[in-house]
Amino acid sequence: MTSARPRPTGPDAFTSLPVISHRFTPSASQVRPARAFVAGLLGDEHPCRDDAMLLTSELAANVVRHAAQRDFLVSVAFPDTGVMVAVEDGGSSKIPHVRRPTDDETDGRGLAIVDDLSSRWGFERRPSGTLVWFELAQPSPDQRP
């Protein structure tokens, strides 16, 4: 008897699972279309849709703010556990890290939100840029509203 191998998760999912990607210009006006791209792939009824949209917005906004030199790529994969989204910038030299700003600071919460809402997240340095990814696990049927 052969057991089914589990599908990879984390950054390996983007090289071993089917992935749907779209490239966006490095402009603040492209954050909304990036979010809409992910929402459209997930559909209105997907249990991870709202969180995926929010986290995609945060990562796309980080690219525009910190690495807005070249187009950025948004990719979506569907491991057995839920959904994964990656945003790859055009070559930032900055290392993504979670900040915990004070209450009066007006920015710096993006990766903290990703850290709080995602099942897992991480980043990879690639020759083409920095890829930041997150994974959202689908709630089990007994956890759904």
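Up top is the structure.
Residues numbered from 1 in each chain as written. Predicted model: local features only at pLDDT ≥ 70, side-chain atom pairs only at ≥ 80, totals over all residues. Heavy atoms only, no water.

Draft legend 1. Up close: the overall build of the protein chain. Across its full length, the protein chain carries 4 helices and 5 strands. Secondary structure elements of the protein chain occur, N-terminal to C-terminal, as α-β-α-α-β-β-α-β-β. Taking all 145 residues of the protein chain together, the buried fraction comes to 39%. Sequence-distant contacts, at least 24 apart, represent 61% of the contacts inside the protein chain between residues at least 6 apart. When the accessible area of the protein chain is evaluated, it comes to approximately 8,300 Å², of which 50% is carbon and sulfur surface. (Helix = DSSP H or I, 4+ residues; strand = E, 2+ residues; numbered from the N terminus. Buried < 20%, exposed > 50% of the residue type's maximum accessible area, 1.4 Å probe, protein only. Contact = heavy atoms within 4.5 Å. Areas by Shrake-Rupley, 256 points an atom, 1.4 Å probe, with all protein chains shown as cover.)

Draft legend 2. Looking closely at the nonpolar core. Val38, Leu59, Phe72, Val74, Phe134 and Leu136 are the most contacted members of the largest nonpolar core, which totals 24 residues. Per-element tally for this core: the top contributor is helix H3 (residues 49-66), with 6 residues. (Core = buried A, V, L, I, M, F, W, Y, C linked by side-chain atoms within 4.5 Å.)

Draft legend 3. Expanded view of the packing of aromatic side chains. Counting across every chain of the model gives 2 aromatic pairs. Arranged with centres 6.2 Å apart and planes meeting at 65 degrees, the rings of Phe24 and Phe37 form a pair that is edge-to-face. In this pair, Phe24 sits in strand S1 (residues 19-24) while Phe37 sits in helix H2 (residues 31-42), placing the two residues 13 residues apart along the sequence. Across this residue pair, the class does not change: Phe24 and Phe37 are buried. With centroids separated by 5.5 Å and ring planes inclined at 25 degrees, the aromatic side chains of Phe24 and Phe72 adopt a geometry described as stacked. In this pair, Phe24 is assigned in strand S1 and Phe72 in strand S2 (residues 72-77), connecting sequence segments 48 residues apart. Both residues of the pair, Phe24 and Phe72, count as buried. Within the aromatic cluster, the residues linked to one another by ring pairs are Phe24, Phe37 and Phe72. (Phe/Tyr/Trp six-rings, centres within 6.5 Å; stacked < 30°, edge-to-face > 60°.)

Draft legend 4. Region of interest: the sheet that holds strand S5 (residues 129-137). The strand order across the open sheet formed by 5 strands is S1-S2-S3-S5-S4, and the pairing between neighbours is antiparallel. Each edge of the sheet is formed by a strand with only one pairing partner; in this case those strands are S1 and strand S4 (120-126). Across the sheet, the mean angle separating the axes of adjacent strands is 15 degrees when strand polarity is ignored. Bridging between S1 and S2 involves 6 bridges; their strand directions are antiparallel. Note on S2: the bridge partner recorded for Val19 is Ala77. Packed onto the sheet, H3 meets S2, strand S3 (82-88) and S5 and runs at close to 165 degrees relative to S5. (Pairing = 2+ DSSP bridges. Axes fitted to C-alpha atoms, helices over the stretch in contact; angles between N-to-C directions.)

Draft legend 5. Focus on the pairing of S2. Counting buried residues along S2, 6 of its 6 residues qualify, which places the element largely inside the surrounding structure. In S2, alternate side chains face the same way, and those of Phe72, Val74 and Val76 on one face and Leu73, Ser75 and Ala77 on the other are all buried. Judged from the 5 bridges that link them, S2 and S3 form a sheet pairing that is antiparallel. Within S3, the residue paired with Ser75 across the bridge is Ala86.

Draft legend 6. Just the environment of Val63, in detail. Structurally, Val63 can be placed in helix H3. Counting along the chain gives 69 residues from Val63 to Val132, while the straight-line C-alpha distance between them is 9.7 Å.

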